[in-house]
Amino acid sequence: MKTTIHNPANEIQDLQFFGEFGGVNPSISDSSTYTFLTAQAMSDTFEGKTEGCYLYSRHSSPSNMYLATALAKMENTEAAHVTASGMAAITAVIMQLCHSGSHVVSSRTIYGGTYAFLKNMAPKYGINTSFVDITKLETVEAAITPNTKIIYCETVSNPLLEVADLNGLSALCKKYNLKLIVDNTFTPLLITPTKFGADVVIHSLTKYINGSSDCVGGVICGTEKFINELKDVNDGSCMLLGATMDSLRAASILKNLRTLPIRIKQHSYNANYLANTFKNDGIKVVYPGLQNHPSHEIFISLLNEEYGNGGMLTIDVGSKENANMVMQSMQDNNVGYLAVSLGFYKTLFSAPGSSTSSEIPAEEQIEMGLSDGLIRFSIGLDHDIKRTNQIIMKCIEETLITT
Ligand SMILES: Cc1ncc(COP(=O)(O)O)c(C=O)c1O
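The structure displayed is predicted, hence computed values, not measured ones.

Novice: I would appreciate a short explanation of the pattern of salt bridges in the present structure.
Specialist: Two side chains of opposite charge can pair, provided their charged atoms sit close to one another. Using the criterion set out here, one finds eight salt bridges in the structure. When the shortest N-O distance is used, the salt bridge between Glu141 and Lys175 registers 2.7 Å. Here Glu141, found in helix H6 (residues 137-143), pairs with Lys175, found in helix H7 (residues 166-176); they are 34 residues apart in sequence, far enough to count as distant. A relative accessible area of 26% means that Glu141 is categorised as partly exposed.

Novice: Hey, could you run me through the pairing of strand S12 (residues 374-378) in this one?
Specialist: Within a regular strand, the side chains alternate between the two sheet faces. For S12, a buried count of five out of five residues is recorded, marking the element as mostly surrounded by other parts of the structure. Residue alternation in S12 divides its side chains into two sets, Leu374, Arg376 and Ser378 and Ile375 and Phe377, and both sets are buried. Inspection of the sheet shows strand S11 (residues 347-350) paired to S12 by three bridges, in the antiparallel sense. Within S12, the residue paired with Leu348 across the bridge is Ser378.

Novice: I keep staring at the packing of helix H3 (residues 62-75) against helix H10 (residues 247-257) and nothing clicks. Help me out?
Specialist: In contact at an axis separation of 7 Å, H3 and H10 are set at 35° when each is read in the N-to-C sense. Helix-helix and strand crossings are classified by hand; for H3 and H10 the assignment is left-handed. Only Ser247, Ala250, Ile253, Leu254 and Leu257 of H10 make contact with H3, whose side of the interface consists of Ser63, Asn64, Tyr66, Leu67, Ala70, Leu71 and Met74. Among the residues making up the contact of H3 with H10, the classes are represented as nine nonpolar, three polar and no charged.

Novice: I keep staring at the sheet that holds strand S7 (residues 218-222) and nothing clicks. Help me out?
Specialist: Paired through their backbone hydrogen bonds, the strands of a sheet run either parallel or antiparallel. Strand order in the open sheet formed by seven strands is S1-S7-S6-S5-S4-S2-S3, with mixed pairing between adjacent strands. Strands at the two margins of the open sheet, each flanked by one partner only, are strand S1 (79-83) and strand S3 (128-132). Recorded for the sheet is a direction-independent mean angle of 20° between the axes of neighbouring strands. The pairing of strand S2 (residues 103-107) with S3 spans five bridges and is parallel. Paired with Ser106 across the strands is Phe131, a residue of S3.

Novice: Help me understand the environment of Asn158, please; the structure alone is not making it clear to me.
Specialist: Of note, Asn158 is situated in the loop between strand S4 (148-154) and H7. Accessibility expressed as a relative area gives 4% for Asn158, which makes it buried. Taking C-alpha positions, Asn158 is 8.2 Å from Gly112, a pair spaced 46 residues apart along the chain. Asn158 has contacts with Thr109, Ile110, Tyr111, Phe186 and Arg376, leaving out every residue within four places of it along the chain.

Novice: Would you mind going over the sheet that holds S12 with me for this structure?
Specialist: Spatial strand order, S8-S9-S12-S11-S10: five strands in an open sheet with mixed pairing. Among the strands making up the open sheet, the edge pair consists of strand S8 (284-286) and strand S10 (336-338). Across this sheet, the average inter-strand angle for adjacent strands is 25°, counted without regard to direction. Together, S8 and strand S9 (312-316) form the strand contacts of helix H11 (residues 260-280), whose direction differs from that of S9 by roughly 20°. Docked against the sheet, helix H13 (residues 320-332) engages S10, S11 and S12, running at close to 140° with respect to S10.

Procedures and definitions
Within each chain, residue numbers correspond to sequence positions counted from 1 in written order. The predicted origin of the model limits local features to residues at a pLDDT of at least 70 and limits the giving and counting of side-chain atom pairs to 80 or more, whereas totals for whole chains, interfaces and linings rest on all residues. Water and hydrogen atoms play no part in the side-chain values, which are based on all heavy atoms of the structure. Think of a salt bridge as a Lys or Arg side-chain nitrogen and an Asp or Glu carboxyl oxygen that are within 4 Å of each other. Under the DSSP-based scheme used, a helix requires at least four consecutive residues in state H or I and a strand at least two consecutive residues in state E, with every element numbered from the N terminus. Each residue is assigned to one of three classes by its accessible area relative to the maximum for its type, calculated with a 1.4 Å probe on protein chains only: buried under 20%, partly exposed between the two thresholds, exposed over 50%. By definition, two strands form a pair when at least two bridges between them are found by DSSP. Axis definition: a line fitted to C-alpha atoms, limited for helices to the stretch in contact. Angles are taken between N-to-C directions and run from 0 to 180 degrees. Definitions for this section: a left-handed crossing has its near helix turned counterclockwise from the far helix by less than a right angle. A right-handed crossing has that turn clockwise. In this description, contact between two residues means that some pair of their heavy atoms is separated by no more than 4.5 Å. Nonpolar residues are Ala, Val, Leu, Ile, Met, Phe, Trp, Tyr, Cys and Pro. Charged residues are Asp, Glu, Lys and Arg, and all others, Gly as well, are polar.

This is the structure we're talking about:
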């Protein structure tokens, strides 16, 4: 029986895709092109007159459609389209909604690749961006110009874990007739941005949703109309820029999606435990689930029940040298891996200032509070998080005492 209240985990559980021979997994469409029974059907399909027909796998394929359908259900949107990477999803959305002369208002704390695209590449096509403190709605509103087309943010930002006030931002979008584009990569299941007025939701599937750190992928979730526009053979950015997901990958990500609810709960449980013990031990920790986080109240108000407070946290150990030594020690002691990315079963840690956010110039990093000593953690699925905490504390204490 279908529940009326949208619960993303139930939506994933309720998916029922049969394989060609009654298999419990949908069959994989191992084809780049599709036959038409008549020449007329071929021209009708290219003109967008026929529904449910596949023409060429850069446009869509059955395997990609299964994954897209599942993710649209998860994000409570009419439709979705999967892409070759998270960056492919982000750039396709921006290129579709903006044109030469358009203006974007973006959070200044976003993934470094997105920042670099908006700052360095989009201006080549006449698209300019104002980067603002997304937590200050009056600053966001002041940056809007008659040419603004979109407000862009991450639900919980990479790497500073700032929380976007989605209700406030969507009210601004309605007032000025803009689209609210939300990258929900850090908080799948935890937060459903469309509940708070997001128009388009993007994920890097590379992270929590796939969860195995074995591929890159992305998704765009939105209205049926917008998703069809992205796939339009004449001017659709996904169709024409061509960063398509491979069908075999779509099939494997769909299989991993099924365990996302239990994985997210365990990531959250472990991160919550570590954030609290770090805080009690006097370590400078940022975690939106802690009451001392500046946007804690907004964060709590956005959360779906049952998934906890997420698996991402940062600590500040004072300097780049300290950060490097602590991370080296944690890798040597098998806490996890010194690596970028997130959502893996092992804990991953990196210093964003010199890795995932290195595209952001040093002076801007300082202005936004991204310090050299910051270590970003994607907390793993560790079975015994108390044991992990003891090892991390030993790494921090030993390293910092010797400096
Ligand atoms: C929040 C966020 N969005 C988007 C991306 C880009 O995704 P991908 O590496 O799959 O292109 C990343 C990558 O780190 C990210 O952290």
